[in-house]
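Structural overview for review
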Amino acid sequence: MFNDILKTILVIIISYVLGSLSFALILSNIIHGQDIRNYGSKNAGATNMMRTYGFKIAFFTILGDMLKGIISVSIGNFLGGQTLGYLAGLFCILGHIYPIFYGFKGGKGVATGAAVALMTNSSIFIIMSIIFVTCIILTKYVSLSSCITSIFFPILTFYDKIHIINNITSEILIIICSIIMSSLIICKHYQNIKRLINKTEPQISFKN
């Protein structure tokens, strides 16, 4: 029991610290000597990086943000199985949104959340990817597509877990983690939601 508590605490700390490594901030500082939070939408995320600096740096931002999610969940899975993997994913997203190294002002957790979905349940990740791409094509709004896709994460997780109940406590914790992850990402988009309502949210262009 004591070892399980130590493992849980260790996974939470490692995942939060990894999540706090904001690649948007790291890359914008190293390559341009700037803080991306002072430009564009002022968000430390891949979409703002793309609009401000271009596709290449945005690609590496996504790669880095996904990598930390992959590593966090892998550590959680290794030390404590799937439940700890979900918990690791949650704290990695929490670190990304509220990074300890950057005054608790980070990104919105979409790329990291996608990596967490991939590592916790690849089938759910595939479905969510289809939903995201479909929404992007139909609406051209990254923010709206991210929010809609995030809503489906706990729904799909619940649907998956309700069919294979091996440990009710573990399954409930996993569902709770998925709900919190989804809620964090959606809540972080509150400014985007305001702009969507006011019809001032910028759309992504497929022409370039």
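You'll find the structure just up there.
Everything in this summary refers to the structure shown in the same document.

Across its full length, the chain carries 9 helices and 0 strands. Listed N to C, the secondary structure of the chain is α-α-α-α-α-α-α-α-α in terms of helices and strands. Computed over its C-alpha atoms, the radius of gyration of the chain comes to 17 Å, within 12% of the 17 Å expected for a compact globule of 208 residues. Dimensions of the chain, computed from the C-alpha atoms along their principal axes, are close to 50 × 35 × 25 Å. A burial count over the chain gives 41% of its 208 residues as buried. Within the chain, residue pairs in contact and separated by at least 24 positions form 64% of the contacts whose partners lie at least 6 positions apart. Accessible surface for the chain amounts to roughly 11,000 Å². Of this, 70% is attributable to carbon and sulfur atoms. Within the chain, the 6 negative side-chain charges are centred at a point lying 14 Å from the centre of the 15 positive side-chain charges.

Enumeration over the complete set of coordinates arrives at 5 salt bridges. The partner of K161 in a salt bridge is E171, and the shortest N-O contact between them spans 3.9 Å. Linking K161 in helix α7 (residues 142–161) with E171 in helix α8 (residues 168–188), this pair joins segments that are 10 residues apart in sequence. A relative accessible area of 4% places K161 in the buried class. Taken together, the salt bridges that share partners define one network made up of D160, K161 and E171.

Axis separation between α8 and helix α9 (residues 190–198) bottoms out at 5 Å; the angle between their running directions is 55 degrees. Classified by the interaxial angle, the pair formed by α8 and α9 is oblique. Contact residues: α8 offers I186, C187 and K188, while α9 offers Y190, N192 and I193. Of the residues in the contact of α8 with α9, the class split is 4 nonpolar, 1 polar and 1 charged.

What follows covers a nonpolar patch on the surface. A cluster of nonpolar side chains, namely M1, I5, I9, I13, V17, L21, Y98, I100, F101 and F104, defines an oily patch on the protein surface of about 960 Å² accessible area. Mapped onto the secondary structure, I5 falls in helix α1 (residues 2–19).

Take helix α4 (residues 55–97) next. Because an α-helix packs 3.6 residues into every turn, residues spaced three or four apart end up facing the same way. Here α4 contains 43 residues, and its C-alpha end-to-end distance of 22 Å is more than 12% below the 63 Å for a straight helix at 1.5 Å per residue. Of all the bends found along α4, the most pronounced is centred on G80 and spans about 145 degrees.

One pass over the structure, following the stated rule, counts 2 aromatic pairs. A ring pair is formed by F59 and F60, whose centres lie 5.4 Å apart and whose planes are at 75 degrees; its orientation type is edge-to-face. Using a relative accessible area of 42% as the deciding quantity, one classes F59 as partly exposed. One aromatic cluster is present, built from ring pairs that chain together F55, F59 and F60.

On to the side chain of T120, then. Position of T120 relative to the elements: it lies in helix α5 (residues 110–120). Looking at T120, its side chain comes within polar contact range of the main-chain oxygen of V116, at 2.7 Å. A distance of 3.4 Å separates a polar atom in the side chain of T120 from the backbone oxygen of A117. Discounting chain neighbours no more than four positions away, the residues touching T120 are V73, Q82, G85, Y86 and F153.

The subject of this paragraph is unusual backbone geometry. In the Ramachandran plot, K42 falls in the positive-phi region, its phi being about 70 degrees despite a non-glycine side chain. Here K42 is to be found in the loop between α2 (23–32) and α3 (46–53). For K42, a relative accessible area of 52% gives the class exposed.

Applying the stated criterion to the full structure yields 0 disulfides. For C147, which is in no disulfide, the shortest distance to another cysteine sulfur is to C187 and amounts to 9.3 Å. Accessibility expressed as a relative area gives 8% for C147, which makes it buried.

This brings us to the nonpolar core. Y86, L90, I93, M128, F153, C177 and M181 are the most contacted members of the largest nonpolar core, which has 20 residues in total. For this core, the element with the most residues is α4, which contributes 8 residues. In this structure C177 touches Y86, L87 and L90, once residues within four positions along its chain are discounted. In terms of nonpolar packing, the next biggest core, distinct from the first, is built from 9 residues, A24, I36, M49 and Y53 among them.

Angle between the axes and distance between the axes are the two parameters that describe a pair of packed helices. Where α1 meets α4, the closest approach of the two axes is 7 Å, and the angle between their N-to-C directions is 35 degrees. By crossing handedness, the relation of α1 to α4 is classed as right-handed. Taken together, the residues of the contact of α1 with α4 sort by class into 15 nonpolar, 7 polar and 2 charged.

Definitions and cut-offs
- In this convention, every chain numbers its residues from 1, walking through the sequence in written order.
- For a predicted model such as this one, the threshold for reporting local features is a pLDDT of at least 70, and the threshold for listing and counting side-chain atom pairs is 80 or more; totals across whole chains, interfaces and linings nevertheless cover every residue.
- Only hydrogens and water are set aside; all other atoms, that is, all heavy atoms of the structure, feed into the side-chain values.
- Numbering of helices and strands runs from the N terminus; a helix is a DSSP stretch of H or I covering at least four residues, while a strand is a stretch of E covering at least two.
- Our radius of gyration looks at C-alpha atoms and nothing else; its globule reference is 2.2 Å times the residue count to the power 0.38.
- Under the scheme applied here, a residue whose accessible area is under 20% of the maximum for its type counts as buried, over 50% as exposed, and between as partly exposed, the area being computed with a 1.4 Å probe on protein chains only.
- Should any heavy atoms of two residues lie within 4.5 Å, those residues are considered in contact.
- Here the accessible surface of atoms and residues is derived via Shrake-Rupley with a 1.4 Å probe, and residues count as covered only by protein chains that are part of the display.
- Note that His is not counted, nor are the chain ends; the positive residues are Lys and Arg, and the negative ones are Asp and Glu.
- A single reference atom marks each charge: NZ on Lys, CZ on Arg, CG on Asp, CD on Glu.
- Whenever Lys or Arg places a side-chain nitrogen within 4 Å of a carboxyl oxygen from Asp or Glu, that contact is recorded as a salt bridge.
- Only C-alpha atoms enter the line fits that serve as axes; for helices the fit covers just the stretch in contact. Angles between N-to-C directions range over 0 to 180 degrees.
- The labels follow the angle: roughly parallel below 35 degrees, roughly antiparallel above 145, roughly perpendicular from 65 to 115, and oblique for the rest.
- Each residue gets one label: Ala, Val, Leu, Ile, Met, Phe, Trp, Tyr, Cys and Pro are nonpolar, Asp, Glu, Lys and Arg are charged, and the others, such as Gly, are polar.
- Here the term patch refers to residues with relative accessible area over 30% and no salt bridge, with like charges joined within 9 Å and nonpolar side chains (Val, Leu, Ile, Met, Phe, Trp, Tyr) within 5 Å.
- For a helix, the expected span equals 1.5 Å multiplied by the number of residues minus one.
- Throughout, bend refers to the angle between the axes fitted to the seven residues that end at a position and the seven residues that start at it.
- Here a Phe, Tyr or Trp ring, Trp counted by its six-membered ring, pairs with any other such ring whose centre lies within 6.5 Å, and the pair is stacked when the planes are under 30 degrees apart, edge-to-face when over 60, and tilted otherwise.
- Counted as a polar contact is a pair of N or O atoms within 3.5 Å, where, for protein atoms, one must be capable of donating a hydrogen and the other of accepting one, and residues adjacent in sequence contribute only when both atoms are in side chains.
- The rule for a disulfide is simple: a pair of cysteine sulfur atoms within 2.5 Å.
- Nonpolar core, defined: a set of buried Ala, Val, Leu, Ile, Met, Phe, Trp, Tyr and Cys residues in which side-chain atoms within 4.5 Å join the residues together.
- Note: crossing handedness is left-handed where the near helix turns anticlockwise from the far helix by less than a right angle, and right-handed where it turns clockwise.

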